[in-house]
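Architecture and fold: a report
Listed below, chain by chain, are the residues.
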Amino acid sequence: MSSASATPVNRLHTALSKPGKLLSIYFTAGFPRLEDTVPILRELEAAGADLVEIGLPFSDPLADGPTIQQSSTEALHNGMTTARLFEQLEGIRREVSLPLILMGYFNPVLQFGVEAFCRRCAEVGIDGLILPDLPLDSYEREYRPILERYGLSMVFLISPQTSNARIRQIDDASDSFIYMVSSASTTGVQKGFGTAQQAYFERIESLGLQHPQLVGFGIGDADSFRAATTHAKGAIIGSAFIRLLREEGVAGIRSFIKKIRP
Amino acid sequence: MSSYHVDENGFYGEFGGAFIPEMLYPNVEELRTCYLDILADPAFQAEFRQLLSDYVGRPTPLYYSVRLSEKYGSKIYLKREDLCHTGAHKVNNTIGQILLAKRLGKTRIIAETGAGQHGVATATVCALMGLPCVVYMGAVDIARQAPNVARMKLLGAEVRAATSGSRTLKDATNEAIRDWINNPVDTHYIIGSVVGPHPYPDMVARFQSVISEEIQSQLQEAEGRPDPDYLIACVGGGSNAAGAYYHYLDRPDVKILAAEAAGKGVDTGESAATSALGRVGIIHASKTLLMQTDDGQITEPYSISAGLDYPGVGPLHAHLFATGRATFIPVTDAEAMQAGRELAELEGIIPAIETSHALALLAMGSVPKGSLAVINLSGRGDKDLQTYIDYFKLA
Ligand SMILES: Cc1ncc(COP(=O)(O)O)c(C=O)c1O
């Protein structure tokens, strides 16, 4: 393993216990260009992001809106594959110390082999996984021991429709943070942070969960970042970052981050 | 319950389950916990049965096909689902699901469609119940099934084009699932085949099982025995097949044949023959056989038939294939088109091109002479006239 001193879960825990609000950035690996993965990670570290989610592109991203769908299609067209991404990440821990999470759909992981996938994650220094279509019960029944063996944290989603009982179950199954989907939506849909969202944010805050929450979906500027983090530890920006990459490429990253969190 | 039916975790052997994003968990969980109780409710059954008889026109005939029988040297019966209101078996399921949606208090309906038959059947029951309806349809299918697009619009539904991927059934299903994620409270998603997360495959199979229930008693009446030697259906997602097989799954003497779309040929790269080309994976929240790359990306299928142009197959069928209970036979575009034309000329019935794939097994020699065979005639071919015209240069 080429990772630095910190074990993966520690790298995540260190980031999550920082004071202040956390900014996590999602991007699709292989977009806009196949070889952009490492330059993007370098820039995000330099720009002061707190956490990164690297998206493994999938042909049929059910939970994603048009922006991330399109970036996935282009990334696949550019030749991105699971094996390719791991090759690109080889040695990343010599340059980047940000916590890194791989986010993708379950089928490519299943085809790679769950165990082989987790082993490669550990080898290159990945800290956690987000697999939106791997349900909690299936994870608990079949895969938890594998992730634990490789020191990977599994991050679960909750939405405004998730019951309190289910949220507590998810909190118990988590070991880093909870991904709080801001509204009933696919990615990139901004339904506003109106009273319904505020009530949802407050409800979750009042549950006093063991793990911090990061809010994602529909966050793209300083205002939505502030609104989302009033009651949560941090927020995740995806589609807006993809649009930035499309328009300005890697060169635009630093000023983008500065605008979100002056 | 035999091993061919779904288990308490929502699996058929290793296939099935509910690989859904958490955003859909409450909806799917609500269905999972309610569907068996609702289906068992006598008031629900009474309403369902009444609509199937008075509105859909059930029971559909089991027609002894004299000239096909003569030609192929077997006794061949056709189960006439093409005579259902709206022209295909799809309406059996949409009647069931709309009644279920009403009991769940849902006020908006969405659906995906390939050939447009399920879209029409959904738009129809939404008109009947006064519910707004949005149907997602691949842009390619909108072009090749124009009459059904017009029918849906006339029935008051909104047809939204799916423009991603291969712009066919798979992509329409993606869009419908995304709509559901965005509208989880008021909306029910009427899936059109035995695909998707548990409990959909089982629920849809139960609604369609009226087909085999009727075949059993009709065959008993006609032949003095409930069981054919061969039972044949085409498989896209597999709903007409699931309905035709349902009450025969545990009767091992009945040989089950499944016709799948080979497109231009299994090895041409333009095919939708899932059992031949698929490997275990996850599509539309179900673990099943699907066509995919080594990297786990879902492959774009091809078939002349919009209703069979799907890279996966329902988990029940993956299980029937894996256990050998059903024999899957790939049928090319050309074989299907010839079989469709043959039925038109011999029996005066123009079948849907999906159905033509099942009929093609006769000419392909899959049914030994002297057998008693039932073919599920899943739908009529009005929607496919343009494809028949272009293919046979009839204009
Ligand atoms: C007439 C007809 N048969 C068969 C099918 C294929 O669907 P399934 O395999 O679910 O029966 C369709 C789908 O549109 C259809 O319209």
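All of the points below concern the structure found in this document. Since the model is a prediction, treat every value here as computed from it, not as a measurement.

Each value, and the rule that gives it
- Residues numbered from 1 in each chain as written.
- Chains lettered and ligands numbered in written order.
- Predicted model: local features only at pLDDT ≥ 70, side-chain atom pairs only at ≥ 80, totals over all residues.
- Heavy atoms only, no water.
- Near = heavy atom within 4 Å.
- Polar contact = N/O pair within 3.5 Å; in protein donor to acceptor, adjacent residues only side chain to side chain.
- Areas by Shrake-Rupley, 256 points an atom, 1.4 Å probe, with all protein chains shown as cover.
- Helix = DSSP H or I, 4+ residues; strand = E, 2+ residues; numbered from the N terminus.
- Salt bridge = Lys/Arg side-chain N within 4 Å of Asp/Glu carboxyl O.
- Buried < 20%, exposed > 50% of the residue type's maximum accessible area, 1.4 Å probe, protein only.
- Core = buried A, V, L, I, M, F, W, Y, C linked by side-chain atoms within 4.5 Å.
- Domains from an automatic or database assignment.
- Contact = heavy atoms within 4.5 Å.
- Pairing = 2+ DSSP bridges.

Re the site of the ligand
All names here are of chain B. In the neighbourhood of the ligand, 19 residues make up the surrounding shell, with Ser-193, Gly-236, Gly-238, Ser-239 and Ser-378 lying closest. Contact between the ligand and Ser-193: an oxygen atom at 2.5 Å from a side-chain N or O atom of the residue. Taking Ser-239, its main chain carries an N or O atom lying 2.7 Å from an oxygen atom of the ligand. Across the complex, the protein chains shield 98% of the 390 Å² of accessible surface that the ligand would expose by itself. For the shell around the ligand, the elements supplying multiple residues, two or more each, are helix H11 (239-245) and helix H15 (353-363).

Some words on the pattern of salt bridges
A complete count under the given rule lists 44 salt bridges over all chains for this structure. The closest approach of N and O atoms between A:Asp60 and B:Lys170, which form a salt bridge, is 2.8 Å. One end of the pair, A:Asp60, is in the loop between strand E2 (51-55) and helix H3 (66-77); the other, B:Lys170, is in helix H8 (residues 169-182), on a second chain. Of the residues examined, B:Lys170 reaches a relative accessible area of 2% and is grouped as buried. A salt bridge links B:Asp309 to B:Arg144; the nearest nitrogen and oxygen atoms lie 2.7 Å apart. With B:Asp309 in the loop between strand E12 (286-290) and helix H13 (315-323) and B:Arg144 in helix H6 (residues 139-144), this pair connects stretches of sequence that are 165 residues apart. Using a relative accessible area of 21% as the deciding quantity, one classes B:Arg144 as partly exposed.

Describing the nonpolar core
If you look at soluble globular proteins, the nonpolar side chains tend to sit buried side by side. One finds A:Leu44, A:Phe241 and B:Tyr245 to be the most contacted residues of the largest nonpolar core, which totals 193 residues. If you count residues domain by domain, this core takes at least three from each of domain 1 (12-51 + 90-204) and domain 2 (58-87 + 209-392) of chain B. Aside from chain neighbours lying at most four places away, what touches A:Leu44 is A:Ile25, A:Phe27, A:Ala49, A:Val52, A:Leu98, A:Phe241, A:Ile253 and A:Ile257. Grouped together as the second largest cluster of nonpolar side chains are 28 residues, B:Ile76, B:Val331, B:Leu346 and B:Leu377 included.

Some remarks on the sheet that holds strand E1 (residues 22-28) of chain A
All names here are of chain A. Read across the sheet, 9 strands follow the order E5-E4-E3-E2-E1-E9-E8-E7-E6 without closing on themselves; strand pairing throughout is parallel. The sheet is open, and its two borders are formed by strand E5 (153-154) and strand E6 (157-158), each paired with just one other strand. Note that E1 and E2 share 5 bridges and pair parallel. What sits directly across from Ile-25, in E2, is Val-52.

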